[in-house]
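Examining the three-dimensional arrangement
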Amino acid sequence: MKADKKAFKQKVFEVVRKIPKGKTLTYKEVAKRAGSPKAFRAVGNILNTNYNPDIPCHRVIRSNGKVGGYNRGRTEKVRKLKQEGVIK
DNA sequence: CGTATGACGTGCA
DNA sequence: GTGCACGCCATAC
């Protein structure tokens, strides 16, 4: 394991943490900002295994416009997005 | 260290 | 427009 790989994870958290309220980013966008535009898969994995309470991962959605998933049940995710007006 | 899994994306039928 | 299959990266066990 190299620190570079760990940096990617840290970057993902940082990027997601910078997402303003009422705004959403796609996994691809986050992965691109993290330094690997093709690691959108790993991004979801990182959030899934290392879900941090300070990270609004609920603002990260799929490129299809779908919410995607969340912590085992996306009810809270959709709920928050709805409250922020991100979802119709 | 190697294998398997996964909150995804894109292409083709 | 919808469905199926493959490919990709990083993490965790």
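A brief look at the structure comes next. Fair warning: this is a prediction, and the values are worked out from it, not measured in the lab.

**Details of the packing of helix α2 (residues 27–34) against helix α3 (residues 40–49)**
Contact pair α2 / α3: the axes reach a minimum separation of 8 Å and the direction vectors enclose 95°. When the interaxial angle is binned, α2 and α3 end up roughly perpendicular. Here α2 contributes Y27, K28, V30 and A31 to the contact with α3, which in turn contributes F40, V43, G44 and L47. Residues belonging to the contact of α2 with α3 are distributed by class as follows: six nonpolar, one polar and one charged.

**Concerning the protein's contact with DNA strand B**
Neighbouring DNA strand B are 17 residues; K28, R41, N45, N48 and S63 lie closest to it. Within 4 Å of the protein, the contacting atoms of DNA strand B are drawn from sugar and phosphate to the extent of 43%. L47 is positioned such that a nitrogen or oxygen atom in its backbone is 2.7 Å from a base nitrogen of DNA strand B. At a separation of 2.7 Å, a base nitrogen of DNA strand B approaches a polar backbone atom of N48. At the level of secondary structure, the elements contributing two or more residues to the surface near DNA strand B comprise α2 and α3. For the surface near DNA strand B, the per-class residue count stands at seven nonpolar, six polar and four charged.

**Overview of α3**
When we look at burial in α3, the residues that qualify are V43, I46 and L47. Here the buried residues of α3 occupy an arc of 95° about the axis, which is enough to place them on one side. Exposed side chains of α3 directed beyond 90 degrees from the buried face belong to R41, N48 and T49.

What counts, and where the lines are drawn
- Each chain has its residues counted from 1, running along the sequence as written.
- Following the order in which they are written, the chains are lettered starting with A and the ligands numbered starting with 1.
- The predicted nature of this model means local features are confined to residues of pLDDT at least 70 and side-chain atom pairs, given and counted, to a pLDDT of 80 or more, with totals for whole chains, interfaces and linings taken over all residues.
- Excluded from the side-chain calculations are hydrogens and water; all other atoms, namely the structure's heavy atoms, are used.
- Axes here mean lines fitted to C-alpha atoms, for a helix over just the part in contact, with angles spanning 0 to 180 degrees between N-to-C directions.
- Helical segments are the DSSP runs of H or I of at least four residues, strand segments are the runs of E of at least two, and each set is numbered from the N terminus.
- Orientation is classified from the angle alone, with under 35 degrees giving roughly parallel, over 145 giving roughly antiparallel, 65 to 115 giving roughly perpendicular, and any other angle giving oblique.
- Any two residues whose heavy atoms approach within 4.5 Å are treated as being in contact.
- Under this grouping Gly is polar, as are all residues other than the nonpolar Ala, Val, Leu, Ile, Met, Phe, Trp, Tyr, Cys and Pro and the charged Asp, Glu, Lys and Arg.
- Proximity criterion: a residue is near a molecule or strand once any of its heavy atoms comes within 4 Å of it.
- Two N or O atoms form a polar contact when they lie within 3.5 Å of each other; inside protein one atom must be a possible hydrogen donor and the other a possible acceptor, and for residues adjacent in sequence the pair counts only when both atoms belong to side chains.
- Summary of the burial criterion: residues with accessible area below 20% of their type's maximum are buried, those above 50% are exposed, and those between are partly exposed, where the area comes from a 1.4 Å probe applied to protein chains only.
- Taken from the helix axis, the directions to the C-beta atoms give the arc we talk about.

Take it as geometry only, folks, not as evidence of what the structure does.
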